[in-house]
Amino acid sequence: MPKLLLFVLFVLGVVLWFKHQGRRDASPRVERPVEDMVRCAVCRVNLPRSEAILSQGKIYCCDEHRRRGS
Ligand SMILES: [Zn+2]
């Protein structure tokens with residue numbers, strides 16, 4: 001009888017482990033999509049497009065450089 005109990009516990013453990021694995025695979029991975037990198041026209045620093053400031057066809061890293069560049 002104890003052997004059967006151990007077997008049941010073992011199977012239960014395997015089932016729980018599989019469920020855990022499945023849940024981990026199902027959760028979406030938080031990965032930043034690869035963003036376009038652009039270069040500031042003043043200091044030549046690379047930065048993602050979403051953080052860049054566009055002005056008159058030129059790209060700047062910050063407002064100060066935008067003013068300096070234009
Ligand atoms: Zn800059």
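Heads up: the structure comes first, above all this text.
Just so we're clear, the structure is a prediction, and the values are computed from it rather than from any experiment.

What counts as what
- Throughout, a residue's number is its position along its own chain's written sequence, starting from 1.
- The predicted origin of the model limits local features to residues at a pLDDT of at least 70 and limits the giving and counting of side-chain atom pairs to 80 or more, whereas totals for whole chains, interfaces and linings rest on all residues.
- Helix and strand assignments come from DSSP, with helices taken as H or I runs of at least 4 residues and strands as E runs of at least 2, each series counted from the N terminus.
- Here a residue counts as buried when 20 or more other C-beta atoms fall within 10 Å of its C-beta, as exposed when 12 or fewer do, and as partly exposed in between; the C-beta atoms come from the backbone.
- Note on contacts: each residue gets a C-beta atom placed from the backbone, and two residues are in contact if those atoms are within 7 Å.

Undergrad: How should I be thinking about the overall build of the protein in this particular structure?
TA: Across its full length, the protein carries 2 helices and 4 strands. Its helices and strands taken in sequence order, the protein reads α-β-β-β-β-α from the N to the C terminus. Evaluated residue by residue, the protein yields a buried proportion of 6% over its 70 residues. The long-range share in the protein, meaning contacts at least 24 apart out of those at least 6 apart in sequence, stands at 9%.

Undergrad: I would appreciate a short explanation of unusual backbone geometry in the present structure.
TA: Backbone geometry follows two general trends: most residues other than glycine have a negative phi, and most peptide bonds adopt the trans configuration. Unusually for a residue other than glycine, R44 sits at a positive phi of about 65 degrees. Note on placement: R44 falls in the loop between β1 (37-39) and β2 (46-48). Residue R44 is classed as exposed on the basis of its 8 C-beta neighbours within 10 Å.

Undergrad: Is there a simple way to think about the environment of G69 in this case?
TA: Structurally, G69 is set in helix α2 (residues 63-69). Residue G69 is classed as partly exposed on the basis of its 16 C-beta neighbours within 10 Å. The sequence separation of G69 and C43 amounts to 26 residues, and the corresponding C-alpha distance is 9.8 Å. Here G69 is in contact with A41, V42, K58 and Y60, once residues within four sequence places are set aside.

That's the geometry; what it means functionally is another story.
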